[in-house]
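One letter stands for each residue in the lines below.
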Protein chains: 2
Amino acid sequence: MTDANKTTTLGEYLLTRLVQIGAQKIQGVPGDFNMGFLDLIEDHKVLKWVGNCNELNAAYSADGYARTAKTTTTKQQDKSDLHSHMNRVGVVVTTFGVGELSALNGVAGCFSERIPLVHIVGVPSTEAQGNRALLHHTLGDGRFDAFEEMSRKISISLVKLGDYASDGSGAVRALDKVLAEGVKQARPVYVSLPTDLVHLQVPKEALEKPLSLQLPRNDQDAEKNCLDVILEQINKAKDPIIIVDACAIRHGVIEETLELVNASGYSVFSTPMGKSAINETHPQFGGIYVGSNTVKEVKDRVESADLLIQVGSLLSDFNTANFSYRTPRSATIALHSNRVETGFATFEGVRMKQLMPKLSAALKSKKDARLTFTEKHLPKVDNILPTREEEVQLGAGSPDGISQAYLWPRVGQFLKSGDQLLAETGTSSFGSLSIRLPSNSLPCFHSQILWGSIGWALPACLGVSLATSEENKKSRVVLFIGDGSFQLTAQEISTMVREGLGPIIFVLSNDGYEIERQIHGPERRYNNTARWDLKAFVETFSDVNKTSDIQSSKQKTEMKESHVKDVKQSKVRYDCVRTKDELDALLKTDEMAKGVAEEGRSTLRLVEIIMARGDAPKALLGQAQATQKSNSYE
Amino acid sequence: MTDANKTTTLGEYLLTRLVQIGAQKIQGVPGDFNMGFLDLIEDHKVLKWVGNCNELNAAYSADGYARTAKTTTTKQQDKSDLHSHMNRVGVVVTTFGVGELSALNGVAGCFSERIPLVHIVGVPSTEAQGNRALLHHTLGDGRFDAFEEMSRKISISLVKLGDYASDGSGAVRALDKVLAEGVKQARPVYVSLPTDLVHLQVPKEALEKPLSLQLPRNDQDAEKNCLDVILEQINKAKDPIIIVDACAIRHGVIEETLELVNASGYSVFSTPMGKSAINETHPQFGGIYVGSNTVKEVKDRVESADLLIQVGSLLSDFNTANFSYRTPRSATIALHSNRVETGFATFEGVRMKQLMPKLSAALKSKKDARLTFTEKHLPKVDNILPTREEEVQLGAGSPDGISQAYLWPRVGQFLKSGDQLLAETGTSSFGSLSIRLPSNSLPCFHSQILWGSIGWALPACLGVSLATSEENKKSRVVLFIGDGSFQLTAQEISTMVREGLGPIIFVLSNDGYEIERQIHGPERRYNNTARWDLKAFVETFSDVNKTSDIQSSKQKTEMKESHVKDVKQSKVRYDCVRTKDELDALLKTDEMAKGVAEEGRSTLRLVEIIMARGDAPKALLGQAQATQKSNSYE
């Protein structure tokens, strides 16, 4: 088993697989049970280690990374194989106990929102675990399985490599199975790697073929039956429309969806979680539908349709304004990753990815008539600044101030094709929904609508920035986050600067957790956050060199060597705007418009927007009322 | 059940109990499933809500709070009742899913290190849970029990109040049981509180009596038998010594330990986790014992003894230099919270708290002779600055620079009676062990030696500061932390400033995770952290007022009202020292020596100490070698 041609180490095997399934960055924090594995990452030719400030931030960032579609994909013959097709995979490495538990909220978010994430945990040697030794980073009672049991609740699959200490073939088979599950189901998997198995010799033959990510083929009879039923329902309907949702993005049917829209000629809408799955400048695009919390014109249009074709729907409370769709289920066709529902009937195992091309083909012939109808009834979606009257109606204060009603269409005008937009849970995510995004061929809007963990977006912005930096065509990455959420994970700006990334971060400063105020306790102190001087904050991360001049030359050499591969840090720049004019002037500057590296050195921009407390996007007001009701404290 | 004299709300009941068991602060982050409960906290007469920057920081801070002994205790007749006797309890409130998972690492640390912590989670209404609704903050698959199952692994007891929606009496009985378990076993408990039960009417009669925290009485025959065996062993021995460890602090036998030391006349040593359980200026105190990693003089003394009397021992790897005690088990008496071990025999259920006073009484008569022996053989422990020769031997660079060998005895000279000292895992905790602490009657040294989660100490310093601020006699709170660990949870300085607290925070800047470098990869990039400008960082939190002048008067009134009870923020001050002379001069200033509020306004001090990369305290070098060996990557 030590023939170098036939074997490799378990650690190297794992890294090769990670590259094959779409990872180029591995994030996390070193700990004494994972450093031997980190050696392999640091020395790897393709993979790059990105050390985060803490493990929760690492998981959030890996989540953002995995959400970012590849724009330069390898052409593939067989589109039913998910392999390296548009998708990235997030990878986080933590250490036993202390490190892994810090990451759990981020991992659970990936489970909830269907993001493929590989969580690799460096654990004590198989010998120490066998002895139930009272090691640091343990609960002190010999329960070495407690942490993996916790992760099991939020992972789709799990492998303890310690179970294969004397079985290299078994180890790689188990590993392959778990990694494939994660990608196919778009959910987190957990891999524990004991220190003494990093260099375990394992057969490397399997690596010659990429991991099989082939979805099972639909039963052809079931698929045909399902297609017939769908077409019958469509033919009976006078006015079907398409609604694109989260799982269209998560389960890789972006191209199939566009094909269906084009072939059918129907108008198409997105949900909040499906936003940007379909190009919002597409001539058939009619806006965002969120049940009762939808802009009137769009709501009327969607609810006048007599058939909803839902692609990858995920009907959570915030994605549907507390389950307020008006169309009856009998008039709904729901295409899912693992089944199709027509009315109240379910076709289990009929997967949309294989069905959709057939549905598109069947619809193609009558496209033109439908298109004429669609165009005639399409709501007009655009980024139109409110009149002063409209602004006041929506609660704006002084005419100079930057109201929520003004901000979001103005941001919509600022955005351009190729941008990646992130919005934190809260005013930012609700506000962003009203933006008509610029032309995009791949999803470019990221928000954690279902899991909704505040603090997610800033590290996720790191992950999106890392992903876009892998592309030839550099994109602007733009983040909107509130001052409350910002404080949870703010230090991850440090990693952005260290990695030479230049996102534009807009912080909406309104003295606290505005979404919470809208739901409960508008004047409560617990919804206030401390005030931060954000100018000083970003300056913390600007280039500093504090090398002690009192160090020995040996120490200096070590320091130089270990920093020799550092990329050129970003510059940082802070701006603060309080009025519409100031915001407008800033957004029009060349630097903001470009937003990419000059002379090989990026600039990270933090723009603080001072906004009024109590002001909130209209969509948030609607959702807050619904939530208030459902969270009754009586 | 709605007679106001006989009932109260479940939320109020819980708060009253928390005060009774030793909480005056409740920490956490608001979320939409807990805000109704936060209303009650904000309006409470005794309890104070402290909002943290994130949930992990909240849990760490609550841990620090619970570690801090009360110096002003209520006198009690019966010392076997733990109630409100010296001890505080940490309380954290989070929201379902997103909030609670972020706190888990901090909760697990409390489990591992035996800290009583009440984790209260605001969860969706019983109705929503019953429907398995697809709510935000869920995993999206209807599993509402996943998160509590995760917490179950790291909690000693758990109550889901949703199980008692129509049974107020049952709810408070279950709650009482869980809270009592947490305090008695000094470990975390989990309480989930659905939104709709915060105002559930429950009988309040039980509140008239404080929660019974009475430990079961030792079986008198077993205890007598045990005492006889112990005394026989002691009488046979020529040279017994006492070693005080973690559980002496955690299980409330500080007074009993001092009594035993005084009555016996034996010399007494502490372990790392037991440090400060016994006053280090006590004439019988001989130093810190960590097995093979002990200062030679102390090691020789301990290992020449022919009987070890261990009080509350917790033999973890870092607490014993990888299990390297030399004294055989047959020559060991181990007193525990729930049993006594004499040699290889175990007396189950014989609790040290009740046994120790009897042991002390039995030893009293021959004290004087023993004391003479003790004094004659006692190692000299003091804070003596190294000679240049010693410093160089321990790896110091230039004579002006601040070496690890110099720093810790210098810090020992700086500390004074009444100070609280926190040390982060890493160079700080290993370095602190060598300090002889000033006179103290209660534990004043805090470090997370067993769990060892980097990032713990900064928020824990908030908790210790909150606790000491409750005392009449204000204490200095002094923290040592490395630049690597600092980055994980750094923003919690914000909460310290907002709460008007003034700890002194020393950051040891040596370009990364030095403890990791000592264990593995001294020149690896993954052990480098980004450089921060800590002056800019602390200035982030200095008083800023960004109130928008464009807000309406209604908004301004709301803002004013919700900030009206804010305490006066601390000032912040940054200093940087690079040489021994600079450090010395700074430590001698009046402001540092005082370190408490002037004119009612505290100053938070951050002192950056530039140190050489690769330099580490001697104790860390020893432990790193042992860990390296046990974490073999081959």
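If you're wondering where the values come from, they're calculated on a predicted model, not measured in any experiment.

Visitor: Let's hear about the pattern of salt bridges: which residues, and what values?
Guide: Residue and element names in this part refer to chain A. Applying the stated criterion across every chain yields a total of 70 salt bridges over all chains. Two residues, Asp239 and Arg301, come together in a salt bridge whose shortest N-O distance is 2.9 Å. Here the residue Asp239 occupies a position in the loop between α8 (220-236) and β9 (240-244), and Arg301 occupies one in helix α11 (residues 296-304), the gap between them amounting to 62 residues. The class of Asp239 is buried, set by a relative accessible area of 9%. Here Arg517 and Asp511 are joined by a salt bridge, their closest N and O atoms 3.9 Å apart. Each member of the pair, Arg517 as well as Asp511, is classed as buried.

Visitor: Just give me the short version of the interface of chain B and chain A, but keep the residues and values in it.
Guide: Residue-level contacts link 122 residues of chain B with 123 residues of chain A. Both faces considered, chain B and chain A share a buried interface measuring about 11000 Å² in area, 53% of it formed by carbon and sulfur atoms. Where chain B packs against chain A, one counts 6 salt bridges. For Arg524 of chain A, the salt bridge is made with Glu42 of chain B, and the minimal N-O distance between the two is 3.6 Å. Across the contact surface, chain B and chain A share 47 residue pairs in polar contact (both at pLDDT 80 or more). Sort the elements by how many residues they give to the side of chain B that touches chain A and helix α4 (residues 98-113) of chain B lands first, with 8 residues. Its residues assigned to classes, the side of chain B that touches chain A shows 49 nonpolar, 43 polar and 30 charged.

Visitor: I'd like a rundown of the environment of Lys416 of chain A, residues and numbers included.
Guide: All names here are of chain A. Among the secondary structure elements, Lys416 is positioned in the loop between α15 (404-414) and β16 (420-423). For Lys416, a relative accessible area of 38% translates into the label partly exposed. Each C-alpha atom of the pair Lys416 and Asn440 lies 9.0 Å from the other, and the pair is 24 residues apart in sequence. Contact partners of Lys416, with chain neighbours within four places excluded, come to Pro438, Arg476, Ala593 and Lys594. Engagement of the side chain of Lys416 in a polar contact is seen with the backbone oxygen of Ala593, the distance being 2.8 Å.

Visitor: Explain the UniProt feature "domain: Thiamine pyrophosphate enzyme TPP-binding" (unreviewed entry) in chain A to me, and be specific about the residues and the numbers.
Guide: When the UniProt feature table is mapped onto this chain numbering, "domain: Thiamine pyrophosphate enzyme TPP-binding" (unreviewed entry) sits at residues 438-528 of chain A. End-to-end, the C-alpha atoms of residues 438-528 of chain A are 35 Å apart, and along that stretch the chain is 34% helix and 16% strand.

Visitor: Quick rundown of the sheet that holds strand β3 (residues 48-51) of chain B? Include the residues and the values.
Guide: Residue and element names in this part refer to chain B. Ordered in space as β3-β2-β4-β5-β7-β6, the 6 strands form an open sheet in which the pairing is parallel. Edge positions in the open sheet fall to β3 and β6 (157-160), since each of these has one partner strand only. Across the sheet, the axes of successive neighbouring strands diverge by a mean angle of 20 degrees, strand direction being ignored. Against the sheet, helix α3 (residues 55-67) engages β2 (25-28), β4 (90-95) and β5 (117-123), with an angle of about 165 degrees to β4.

Visitor: Give me the relation of the copies chain B and chain A: which residues, what numbers.
Guide: One chain copy maps onto the other through a rotation about an axis and a shift parallel to that axis. The transformation that overlays chain B on chain A combines an axial shift of 0.0 Å with a rotation of 180 degrees, and the residual RMSD is 0.0 Å. Both chain copies can therefore be described as sitting about a two-fold axis. Both copies contact each other with a shared surface, as 100% of the interface residues of chain B are interface residues in chain A too.

Visitor: Provide a residue-level description of the pairing of strand β6 (residues 157-160) of chain A, including the pertinent values.
Guide: Side chains on a regular strand alternate between the two faces of the sheet. When β6 of chain A meets strand β7 (residues 189-194) of chain A, the two strands line up parallel, connected through 4 bridges. Residue Ser157 of chain A lies in a different strand from β7 of chain A, and its bridge partner there is Val189 of chain A.

Visitor: Describe the nonpolar core, listing the residues and the values that go with them.
Guide: Among the nonpolar cores identified, the biggest contains 93 residues, and Leu10, Leu18 and Phe37 of chain A together with Leu335 of chain B are the most heavily contacted of them. Broken down by element, the residue count for this core peaks at 8 residues, all from helix α7 (residues 168-185) of chain A. For Leu10 of chain A, the contacting residues outside a window of four places in its chain are Leu161, Ala171, Val172, Leu175, Leu193, Leu197, Val198, Leu200 and Val202 of chain A. Val50, Trp456, Leu501 and Leu604 of chain B belong to the second largest nonpolar core, which has 72 residues in total.

Visitor: Describe the domain arrangement of chain A, with residues and values.
Guide: As assigned here, chain A comprises domain 1 (7-208), domain 2 (220-377) and domain 3 (388-631). On a C-alpha basis, the centroid separation for the pair domain 1 of chain A and domain 2 of chain A is 36 Å.

Visitor: Residue-level account of helix α10 (residues 254-264) of chain B, with values.
Guide: All names here are of chain B. Turning to α10, its buried residues are Ile254, Glu256, Thr257, Leu260, Val261, Ala263 and Ser264. The elements touched by buried residues of α10 are β9 (240-244), α9 (246-250), β10 (268-270), β12 (307-311), α12 (352-363) and α13 (367-377). A positive phi of about 75 degrees marks Gly265, the residue just after α10.

Visitor: Quick one: what's the story with the pairing of strand β4 (residues 90-95) of chain A, residue by residue and with numbers?
Guide: Residue and element names in this part refer to chain A. β4 sits mainly inside the fold: 6 of its 6 residues count as buried. Residue alternation in β4 divides its side chains into two sets, Gly90, Val92 and Thr94 and Val91, Val93 and Thr95, and both sets are buried. Sheet topology places strand β2 (residues 25-28) next to β4; 2 bridges connect them, and they run parallel. Directly across from Gly28, in β4, lies its bridge partner Val93. As judged from the 6 bridges shared by β4 and strand β5 (residues 117-123), these two strands associate in the parallel manner. Among the inter-strand pairings, Gly90 is bridged to a residue of β5, identified as Leu117. Crossover handedness for the path β4 to helix α4 (residues 98-113) to β5: right-handed.

Visitor: So what's going on with unusual backbone geometry? Residues and values would help.
Guide: The residue Asp511 of chain A is not glycine, and still its phi comes out positive at about 75 degrees. Residue classification places Asp511 of chain A among the buried positions, given a relative accessible area of 8%. Look at Ala186 of chain B: it is not a glycine, yet its phi comes out positive at around 55 degrees. Here Ala186 of chain B lies in the loop between α7 (168-185) and β7 (188-194). Since its relative accessible area comes to 1%, Ala186 of chain B is described here as buried.

Visitor: Summarise the packing of α3 of chain B against helix α17 (residues 457-468) of chain B; cite the residues concerned and give the values.
Guide: Residues and elements named next belong to chain B. Following both chains from N to C, one finds α3 and α17 inclined at 45 degrees, their axes separated by 6 Å at the closest point. One way to sum up the angle between α3 and α17 is to call them oblique. In the crossing of α3 with α17, the sense of the turn from one axis to the other is right-handed. Where α3 abuts α17, its residues Asn57, Tyr60, Ser61, Gly64 and Tyr65 lie against Pro459, Ala460, Leu462, Gly463, Val464, Leu466 and Ala467. Of the residues assigned to the contact of α3 with α17, the class counts are 8 nonpolar, 4 polar and no charged.

Calculation criteria
Here the residue numbering is sequential within each chain, running from 1 through the sequence in written order. Key to labels: chains lettered from A, ligands numbered from 1, both in the order written. Two thresholds apply to this predicted model, a pLDDT of at least 70 for residue-level local features and 80 or more for giving and counting side-chain atom pairs, whereas whole-chain, interface and lining totals are computed over all residues. As a rule here, side-chain values cover all heavy atoms of the structure and leave hydrogens and water aside. Salt bridge, as used here, is a side-chain nitrogen of Lys or Arg placed within 4 Å of a carboxyl oxygen of Asp or Glu. Working definition: helices are DSSP H or I runs of at least four residues, strands are E runs of at least two. Numbering for both runs from the N terminus. Here's how the labels work: a residue is buried when its accessible area is under 20% of the maximum for its type, exposed when over 50%, partly exposed in between, all with a 1.4 Å probe on protein chains only. Here, residues are in contact when the closest pair of their heavy atoms is within 4.5 Å. Accessible surface is computed with a 1.4 Å probe, and the buried area is the amount of it that two parts give up when combined, taken over both parts together. Any N or O atom pair separated by 3.5 Å or less is treated as a polar contact, with the protein-specific requirement of one donor-capable and one acceptor-capable atom, and with residues adjacent in sequence counted only for side-chain atom pairs. Think of it as three bins: nonpolar holds Ala, Val, Leu, Ile, Met, Phe, Trp, Tyr, Cys and Pro, charged holds Asp, Glu, Lys and Arg, and polar takes everything else, Gly as well. UniProt positions are given in the numbering used here, feature names are shortened, and annotations may be inferred rather than shown by experiment. Think of it this way: DSSP has to see at least two bridges between two strands before they count as a pair. Under this scheme, a helix contributes an axis fitted over its contacting stretch, all axes are lines through C-alpha atoms, and angles between N-to-C directions fall in the 0 to 180 degree range. In superposing the copies, a least-squares fit is computed on C-alpha atoms, taking residues whose pLDDT is at least 70 in both. To qualify as a nonpolar core, a set must consist of buried Ala, Val, Leu, Ile, Met, Phe, Trp, Tyr and Cys residues joined through side-chain atoms within 4.5 Å. By convention here, the domain bounds are inherited from an automatic or database domain assignment. For crossovers, right-handed means that the path from the first strand over the helix to the second runs clockwise, given strands pointing away from the viewer. Every angle not falling under 35 degrees, over 145, or within 65 to 115 is termed oblique; those three ranges are roughly parallel, roughly antiparallel and roughly perpendicular. Whether a crossing is left-handed or right-handed is set by the direction in which the near helix is turned from the far one by less than a right angle, anticlockwise for left-handed and clockwise for right-handed.

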